[in-house]
Amino acid sequence: MAKTRNRYGVAIAGVILHLMIGGVYAWSVFTKPISAYTGWKETSVSFAFSLAIFFLGMSAAFMGRLVEKFGPTVTGTISSICYGSGIALTGLAIQSHHLWLLYLAYGVIGGLGLGSGYVTPVSTIVRWFPDKRGLATGLAIMGFGFAAMLTGPVAQHLMALVGIANTFYVLGAFYFVVMIVAAQFIKKPRPHELPQAIAENAQRVSLTNQELTANQALKTRTFAFLWFMFFINITTGIGLVSAASPMAQNMTTMTASAAAVMVGIIGLFNGFGRLAWATLSDFIGRPLTYSLIFVLDILMLFVLLFFKTPFIFALALCLLMSCYGAGFSVIPAYLGDVFGTKELGAIHGYILTAWAAAGMVGPILLSYTHQVLHNYYVTLIVFVIIDALAMIVSVWIQRDFVTRRETKAA
């Protein structure tokens, strides 16, 4: 008889994998040094990050399929190869002054590594923790949110020690080794490997008691609604992230140095929000949690519009960032509740295409309206409107589930 594996060991391996790929959020640390070394415009360097996020979202749909077909260890290994080599090749692009290679290495190859790495542990951990789906996904995805806090200082030290290009060689090798080892521990639970009491809890948290394939899930109205809600949540959050510092300085009396401190603090709320909201969803349910996320979004956006006190403005942004992080951690558990875990990796991959779309729409919307109107008010009002629409959709889904239960009971 095969030895029963420890589900917490699988979860830790997933967190480690996400800590590695989450280093992508530290790209801003490299923007100015790369620009100074190569002579490229900072906007050109920044585009590599947007490209990486786009390929993350688009490749996740395909990679989610591979998780189901070949297992998370295989996709985790693919991620370690793509992400590690993409980071190392980024160093070569900088050293050789080839901008096209930067886009290929960091944007395309690195982005493919991000997509495969992001979907690898999430659906697997949900299967190991049917009784604590929110907590489990919150822990894994929190690692992705916090990674920049670790990568930033390390990268600064390495650049001072070995130079900008060599920093990417070192990081690429480190990511590859750590990720490929972690991937070997991320495996789906075998039949009857979970204790019966834990396995039975899967039905307790299920909203539909269904096990749908990815193709079946795609054809449902619920999937379309969840995609829309996820898209709106990220559009608002990533738009605010992209302009938090200049917005605070423009709309309040906050200084540049104070705004920089605020950016670091809202990063903490982004990370902790992933765990806190996901854990809360285990107690009050995913549908109500998502509705509360949009309610808080709308309230805090009004605070940004009408309150100019730096402390209140910063607090509102922190709460908005907790909601932004919450969207990522709650959605996998929500999908598991609605569609089951049969092909959760593939379904999660499909819904991550909303991230690819929102990553382009949010920052562009905010920067364009500011460029034309020279203020952030119109964009914030637009964010209020779309969040209100998403909240209506969220409540609509809740009513659908209530109606289904009442129909079955009758």
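Residues numbered from 1 in each chain as written. Predicted model: local features only at pLDDT ≥ 70, side-chain atom pairs only at ≥ 80, totals over all residues. Heavy atoms only, no water.

## A few points about the overall build of the protein chain
Point 1. In terms of helices and strands, the protein chain carries 16 helices and zero strands.
Point 2. In terms of overall size, the protein chain behaves like a compact globule, its C-alpha atoms giving a radius of gyration of 21 Å where 410 residues would be expected to give roughly 22 Å.
Point 3. Reported as C-alpha extents along the three principal axes, the dimensions of the protein chain are approximately 65 × 55 × 30 Å.
Point 4. Looking at the protein chain residue by residue over its 410 residues, the buried ones come to 56%.
Point 5. Considering only intrachain contacts with a sequence separation of at least 6, the fraction spanning at least 24 residues in the protein chain is 85%.
Point 6. Total accessible area computed for the protein chain in this model is approximately 16,700 Å², and 71% of it derives from carbon and sulfur atoms.
Point 7. Here the protein chain contributes 24 positive and 13 negative side-chain charges, whose respective centroids are spaced 5 Å apart. (Helix = DSSP H or I, 4+ residues; strand = E, 2+ residues; numbered from the N terminus. Rg over C-alpha atoms; globule rule 2.2 N^0.38 Å. Buried < 20%, exposed > 50% of the residue type's maximum accessible area, 1.4 Å probe, protein only. Contact = heavy atoms within 4.5 Å. Areas by Shrake-Rupley, 256 points an atom, 1.4 Å probe, with all protein chains shown as cover. Lys, Arg positive; Asp, Glu negative; His and termini not counted. Charge placed at Lys NZ, Arg CZ, Asp CG, Glu CD.)

## Observations regarding the packing of aromatic side chains
Point 1. One pass over the structure, following the stated rule, counts 21 aromatic pairs.
Point 2. Their ring planes at 80° and their centres at 5.7 Å tell us that Phe 230 and Phe 328 sit as a pair that is edge-to-face. One end of the pair, Phe 230, is in helix H10 (residues 221-251); the other, Phe 328, is in helix H13 (residues 310-339), and 98 residues separate them in sequence. This pair shows no difference in class: Phe 230 is buried, exactly as Phe 328 is.
Point 3. Cluster of aromatic residues (ring-pair linked, three or more members): Tyr 118, Phe 144, Phe 230, Tyr 324, Phe 328 and Trp 355. (Phe/Tyr/Trp six-rings, centres within 6.5 Å; stacked < 30°, edge-to-face > 60°.)

## Examining helix H2 (residues 27-38)
Point 1. Here H2 contains twelve residues, and its C-alpha end-to-end distance of 16 Å stays within 8% of the 16 Å for a straight helix at 1.5 Å per residue.
Point 2. Among the structural elements, helix H3 (42-70), helix H4 (72-96), helix H5 (99-128), helix H6 (133-162) and helix H7 (164-183) are those in contact with the buried residues of H2.
Point 3. Where H2 ends, the next residue or the one after it, Gly 39, has phi of about 85°, a positive value. (Expected span 1.5 Å × (residues − 1).)

## With respect to the side chain of Thr 235
Point 1. Checked against the element boundaries, Thr 235 lands in helix H10.
Point 2. Since its relative accessible area comes to 2%, Thr 235 is described here as buried.
Point 3. Of note is the side chain of Thr 235, whose polar atom sits 2.7 Å from the backbone oxygen of Phe 231.
Point 4. Filtering out sequence-adjacent residues up to four positions away, Thr 235 remains in contact with Ala 358, Val 361, Gly 362, Phe 383 and Ile 386. (Polar contact = N/O pair within 3.5 Å; in protein donor to acceptor, adjacent residues only side chain to side chain.)

## Some remarks on the domain arrangement of the protein chain
Point 1. Assigned domains of the protein chain: these are domain 1 (7-187 + 197-205) and domain 2 (207-409).
Point 2. Using C-alpha coordinates to define each centre, domain 1 is positioned 22 Å away from domain 2.
Point 3. On the side of domain 2, 35 residues touch domain 1, which itself brings 33 residues to the contact.
Point 4. Together domain 1 and domain 2 conceal approximately 3,000 Å² of surface at their shared face, both sides included; 66% is due to carbon and sulfur atoms.
Point 5. Its largest share of buried area at the contact with domain 2, domain 1 owes to Arg 65, Arg 133 and Phe 146, together 18% of the area lost on that side.
Point 6. Across the contact surface, domain 1 and domain 2 share two salt bridges.
Point 7. Taken together, the connections running from domain 1 to domain 2 amount to 15 residue pairs in polar contact (both at pLDDT 80 or more).
Point 8. Taken together, the elements giving at least two residues each to the side of domain 1 that touches domain 2 come down to H3, H5, H6 and helix H8 (196-205).
Point 9. For the side of domain 1 that touches domain 2, the element with the most residues is H6, which contributes twelve residues. (Domains from an automatic or database assignment. Buried area = accessible area lost by both parts, 1.4 Å probe. Salt bridge = Lys/Arg side-chain N within 4 Å of Asp/Glu carboxyl O.)

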